[in-house]
Amino acid sequence: MLNQDAHGRTEDNCARKFESADFDEECTALAQYLLGKVLVRKSSDGQLLKGVIVETEAYLGGEDKASHSYNGKITARNRPMYEPPGTSYVYAIYGMYHCMNISSRGAGSAVLIRALEPMENVESMLKNRMASARSKNKSSEKNARIREEDLCRGPSKLCMSFDITKKLNNIFMPASAELWVEHPVLPSSFVIVQCPRIGIDKCGAEWASKNLRFYIFGNECVSKRDKNCEKLCAPSI
DNA sequence: CTAAGGATTTGCT
DNA sequence: GCAAATCCTTAGA
């Protein structure tokens, strides 16, 4: 890292950027560590889009039947999951959407970013969402009034708002000037809810039921609450 | 609030 | 060919 002061802050944005060592954690640990951190996307016009990561999922590879890298399978698509920790894995899903992951320690493991709380340059995110809706022939009338907390409330929504496409696949984020993660300038404390992952029922009950989804309790930008797990994780609230 | 069905590209069998 | 780590719309409780 260049140009950091004693507190790890860089000159221009006063926030420490994630380097290789920050990403080099076991998958479930990284999924939780990323909560409260800031995803940054430098848009084509030079603006910095920023959002706080509020919801993640761990995909372990190997035994994890829900993972694209189940059983150590390597394909053209999932190869970034085997790249060094901090490598982006962006793939297309359901024909029209994208999901973004970050590889972690361990072969074939990665963290899915499921939701962000918009932080800086929200207007640009809204513009990206509307442009994306138009290209998909969605009703632009209603999309013109998307609530701020709904902009990045889901894995594909955040990709639309941040203009994350396959161009940003397989990028080593510690060395990227387009897409990276940084520490918040003012860290906050929060309760983490652990619960089963979303949309993976067909892989079998054993892996579908594991608590590999993590989110910040009470945050309005989380895509789907699990109230049963909230009782266990935040009983006093 | 929950539920169901359609949109539509991509990767893999 | 088929199923997919989703989203949006509409219908109904």
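Above this text you will find the structure in question.
Please read all numbers here as calculations on a predicted model, not as lab measurements.

Draft legend 1. Focus on the protein's contact with DNA strand B. Close contacts around DNA strand B come from T75, A76, R77, A92, Y94, G95, M96 and K166, and that covers them all. Each atom of DNA strand B within 4 Å of the protein was classed as base or backbone; sugar and phosphate made up 67%. Within the contact set of DNA strand B, a sugar or linking oxygen lies 2.4 Å away from a backbone nitrogen or oxygen of G95.

Draft legend 2. Seen up close, the packing of aromatic side chains. All told, the structure shown has three aromatic pairs when counted by the stated rule. Each ring, one from F18 and one from F23, has its centre 5.1 Å from the other, and the planes form 55°; the classification is tilted. Like F23, F18 is buried. Through a chain of ring-to-ring contacts, the aromatic side chains of F18, F23 and Y33 assemble into a single cluster. Taking NZ or CZ as reference, K37 lies 4.2 Å from the ring centre of Y33, over its face. Just above the ring of Y91 sits the side chain of R77; from NZ or CZ to the centre is 5.7 Å.

Draft legend 3. Representation of the protein's contact with DNA strand C in the model. Surveying the vicinity of DNA strand C reveals 22 residues, the closest of which are Y91, Y97, N101, R129 and K157. A breakdown of the atoms of DNA strand C within 4 Å of the protein gives sugar and phosphate a share of 58%. A distance of 3.0 Å separates a phosphate oxygen of DNA strand C from a polar atom in the backbone of S156. Looking at the surface near DNA strand C, the elements that each hand over two or more residues are β3 (88-93), β4 (97-103), β5 (110-120) and α5 (155-161).

Draft legend 4. Spatial organisation of the side chain of S109. Here S109 lies in the loop between β4 and β5. Within polar-contact distance, the side chain of S109 engages the side chain of S104 at 2.8 Å. Aside from chain neighbours lying at most four places away, what touches S109 is C27, Y59, L60, G61, M81, S103 and S104.

Draft legend 5. Quick peek at the pattern of salt bridges. Throughout the structure, instances matching the rule amount to 14 salt bridges. Between R153 and D150 there is a salt bridge whose closest N-O contact spans 3.4 Å. Three or more residues joined by partner-sharing salt bridges are found here, namely E55, E57, R114 and R213.

Draft legend 6. Here's a closer look at the environment of D64. Here D64 shows up in the loop between β2 (48-59) and β3. Between the C-alpha atoms of D64 and Y97, which are 33 residues apart in sequence, the distance is 23 Å. Side-chain polar atoms of D64 contact the backbone nitrogen of L60, separated by 2.9 Å. At 2.8 Å, the side chain of D64 forms a polar contact with the side chain of R197.

Draft legend 7. Seen up close, the state of the cysteines. Scanning the model with the defined rule gives zero disulfides in all. For the unlinked cysteine C221, the closest cysteine sulfur is that of C152, found at 7.6 Å. Using a relative accessible area of 4% as the deciding quantity, one classes C221 as buried.

Draft legend 8. The arrangement of the pairing of β2 in detail. In terms of burial, β2 is largely enclosed, as 11 of its 12 residues are buried. Here strand β1 (residues 38-42) runs beside β2; their pairing, made up of five bridges, is antiparallel. Within the sheet, the bridge partner assigned to V38 lies in β2 and is V52. Taking the residues that link successive antiparallel strands as the turn, the β1-β2 hairpin has five residues, and the phi of G46 there is positive, at about 90°. Pairing of β2 with β5, which is carried by nine bridges, proceeds in the antiparallel orientation. From the neighbouring strand, I53 faces β5, where its bridge partner is L116. Two strands pair when backbone bridges link them, and β2 and strand β8 (residues 213-216) are joined in this way by three bridges, in the antiparallel orientation. Along β8, the bridge assignment pairs E57 with R213.

Cut-off values and rules
- Sequence positions are assigned chain by chain, starting from 1 and proceeding in written order.
- Labels are handed out in written order, letters beginning with A for the chains and numbers beginning with 1 for the ligands.
- This being a predicted model, a pLDDT of at least 70 is required before a residue's local features are given, and a value of 80 or more before pairs of side-chain atoms are given or counted; all residues contribute to the totals for chains, interfaces and linings.
- To get the side-chain values, all heavy atoms of the structure are used, and hydrogens and water are removed first.
- Residues are classed as near a molecule or strand on a simple rule: at least one heavy atom within 4 Å of it.
- In protein, a polar contact requires one atom able to donate a hydrogen and another able to accept it; more generally it is a pair of N or O atoms within 3.5 Å, and residues adjacent in sequence count only if both atoms are side-chain atoms.
- Classification of ring pairs rests on two measures: the distance between centres of Phe, Tyr or Trp rings, Trp counted by its six-membered ring, which must be within 6.5 Å, and the angle between planes, read as stacked under 30 degrees, edge-to-face over 60 and tilted in between.
- Type-normalised accessible area, obtained with a 1.4 Å probe on protein chains alone, sets the label of each residue: buried when under 20%, exposed when over 50%, and partly exposed for intermediate values.
- By definition, being over a ring means that NZ of Lys or CZ of Arg is both within 6 Å of the ring centre and within 35 degrees of the ring normal.
- Helix and strand assignments follow DSSP, with helices taken as H or I runs no shorter than four residues and strands as E runs no shorter than two, numbered in order from the N terminus.
- Every residue pair with non-hydrogen atoms within 4.5 Å of one another is taken to be in contact.
- By definition, a salt bridge exists where a carboxyl oxygen of Asp or Glu is found within 4 Å of a side-chain nitrogen of Lys or Arg.
- Criterion for a disulfide: a pair of cysteine sulfur atoms at a distance within 2.5 Å.
- In this scheme, strands are said to pair when DSSP sees at least two bridges between them.

Without other data, these values stay purely geometric and don't point to any function.
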